[in-house]
Amino acid sequence: MSEALKAFEDELQSKNFKGYWQNIQGDVAREPVPSFAPCFWKGKDLFAATEKAGEVVGLDVSFRRVIQLWNPALKNGTSRTLVLNLQLLKPGEDALSHRHMAGAIRFILKGQGTRLIVEGESFEIGEGDFVTTPSWTWHDHENHGGESMMWLDGLDAPLVRLLETDFHEPDPRKKQTVTKPEGYTLATVGALRPSWMKQNSIQPPAFCYKWADTERALSKVGEQPGDPYDGIVLDYANPLTGGPTLPTMACQIHMLRGSEKTKSHRHTSSTIYHVWRGGGVSYIGDQRYEWEQGDSFVVPLWNFHHHENTSKEPAVFFVMSDKPLMDAIGHYREDAKAD
Ligand SMILES: [Fe+2]
Ligand SMILES: [Fe+2]
């Protein structure tokens, strides 16, 4: 670098300017290069860590007893935009009401007998159920059953951190009062719905998708061709609009039929998988991951991936992705690998 250029750059810096040439290091990439790698977490390790947290971490130490599936390539989070956690709730434990900008979902892995209260509506949740607590909704829960409960806790918190838009408010009431009758939202978002409830909200109403309904839907469409890249896919749709689960994340159930092998593709959304049932193998980039029930993995954007069910029984994934974000800003691209 010439002395004149160095002096010019120093002068720019002293005035909080920067030359375009100062940002360029080598060639500009022609396509996305993710800064985080695929990552895989064994369910056995995750469940053991969560059980241990139940012994050594009191609720006085941690407001929530939660273990994050941390992608070490990131400062925090499972992907650049989303985080998946496992939460343990012991019998008799409850959590104080609060609300925050981050939108959240729960997928119940184990246990029965917990009430989740969102915006004054009580949802009784059990194994396989999926519940949303959209952005800025009051939520608290209590385990009134006799067994420990474990659920996946997914949030768009990494995105909110990036945007620096987080508001967080503890509820002065500590616990919410239930103000809506049981099944209130379910009764207002179907084919028959109150005329004053318009489809004009960015955020969906909090909603509980029962496992029995998911299982019934899988049995009804399980013989269809499905998606060549994901098998049989069920969207947890916004119950009012049919759009994505939350504006920032799409949650789905994927089922691979016995011995089903999907085609390979890549896309600009990043996807987190949790194995809910079955066993098989997934290929992400040049990595091969064998999975069984309880395992989780993340596919960063623009990595080719495909899956194979290595058993005769169906395999089922619970899946979270940031595709709605990419759709909203016109950045979604998908590319199939040539056979
Ligand atoms: Fe929360
Ligand atoms: Fe995919």
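Just above, that's the structure.
Keep in mind the model is a prediction, meaning the values are calculated, not measured.

Quick notes on the sheet that holds strand E3 (residues 83–89)
The strands making up a sheet associate through hydrogen bonds between their backbones, and the pairing can be parallel or antiparallel. The six strands lie next to each other as E2-E3-E10-E5-E8-E12, forming an open sheet whose pairing is antiparallel. Taken across any chain shown, the strands that pair with only one partner, and hence form the sheet edges, are strand E2 (66–68) and strand E12 (208–209). Relative to strand E8 (residues 130–133), strand E5 (residues 104–110) is paired through four bridges, and the arrangement is antiparallel. Counterpart to Phe107 in the pairing with E8 is Phe130. Where helix H2 (residues 43–56) meets the sheet, it contacts E2, E3, E5 and strand E10 (149–155), and its direction lies at approximately 45° from that of E3.

A word on the sheet that holds strand E7 (residues 121–125)
Spatially, E7-E6-E9-E4-E11 is the arrangement adopted by the five strands of the open sheet, whose pairing is antiparallel. Single-partner strands in this sheet number two, and they are E7 and strand E11 (168–170). Averaged over all adjacent pairs, the angle separating strand axes in this sheet is 25°, with direction ignored. Pairing of strand E4 (residues 94–100) with E11, which is carried by three bridges, proceeds in the antiparallel orientation. Across the sheet, residue His100 finds its bridge partner in E11, namely His168.

So, the coordination of the iron ion (ligand 1)
Within the protein, the atoms that donate to the iron ion (ligand 1) are His98 (NE2), His100 (NE2) and His139 (NE2), at distances of 2.2 to 2.3 Å. Written as a sequence motif, the donor arrangement for the iron ion (ligand 1) is H-x1-H-x38-H. Taken as a pair, His100 in strand E4 and His139 in strand E9 (residues 139–143) lie far apart in primary sequence, 39 residues in all.

Some details on the coordination of the iron ion (ligand 2)
Every protein donor of the iron ion (ligand 2) is listed here as His265 (NE2), His267 (NE2) and His305 (NE2), and their distances to the metal cover 2.1 to 2.2 Å. All donors of the iron ion (ligand 2) belong to a single chain; written as a sequence motif, their spacing is H-x1-H-x37-H. Taking relative accessible area as the criterion, His265 reaches 4% and is therefore assigned buried. Classification of His267 by relative accessible area gives buried; the value is 6%.

A closer look at the nonpolar core
Counting 37 residues, the largest nonpolar core has Phe107, Ile253, Phe318 and Met320 as the members making the most contacts within it. If sequence neighbours within four positions are ignored, Ile253 has contacts with Phe107, Trp211, Thr214, Leu218, Ile232, Val233, Leu234, Tyr236, Val316, Phe317 and Phe318.

Comments concerning the pattern of salt bridges
A complete count under the given rule lists 20 salt bridges for this structure. Of the charged contacts in the structure, one is a salt bridge between Glu290 and Arg288, with a shortest N-O distance of 2.9 Å. Linking Lys323 and Asp327 is a salt bridge whose minimum nitrogen-to-oxygen distance equals 2.9 Å. Of this pair, Lys323 and Asp327 both sit in helix H6 (residues 323–328), four residues apart, roughly one helical turn. Among the residues examined, Lys323 registers a relative accessible area of 29% and is labelled partly exposed. Members of the salt-bridge network, linked through shared partners, are Asp94, Arg115, Asp140, Glu142 and Lys175.

Conventions used here
Within every chain, residues take consecutive numbers counted from 1 along the sequence as written. Written order determines the labels here, with chains lettered from A and ligands numbered from 1. With pLDDT at 70 or above as the cut-off, local features in this predicted model cover only qualifying residues; side-chain atom pairs require 80 or more to be listed or tallied, and sums for whole chains, interfaces and linings still use all residues. Excluding hydrogens and water, the side-chain figures rest on all heavy atoms present in the structure. The pairing criterion for strands is at least two bridges between them, as found by DSSP. Put simply, DSSP marks the helices as runs of H or I at least four residues long and the strands as runs of E at least two long, and each gets a number from the N terminus on. Note on definitions: a residue-residue contact is assigned when non-hydrogen atoms from the two residues lie within 4.5 Å. To get an axis, fit a line to the C-alpha atoms, keeping to the stretch in contact for a helix; angles then go from 0 to 180 degrees between the N-to-C directions. Sites may look incomplete because water is not among the atoms; the donors themselves are N, O and S atoms within 2.8 Å of the metal, or within 3.2 Å for Na, K and Ca. Working definition: with a 1.4 Å probe on protein chains only, accessible area under 20% of the residue-type maximum means buried, over 50% means exposed, and in between means partly exposed. Residues belong to one nonpolar core when they are buried, are Ala, Val, Leu, Ile, Met, Phe, Trp, Tyr or Cys, and are joined through side-chain atoms within 4.5 Å. Salt bridges are defined by distance alone: a side-chain nitrogen of Lys or Arg within 4 Å of a carboxyl oxygen of Asp or Glu.

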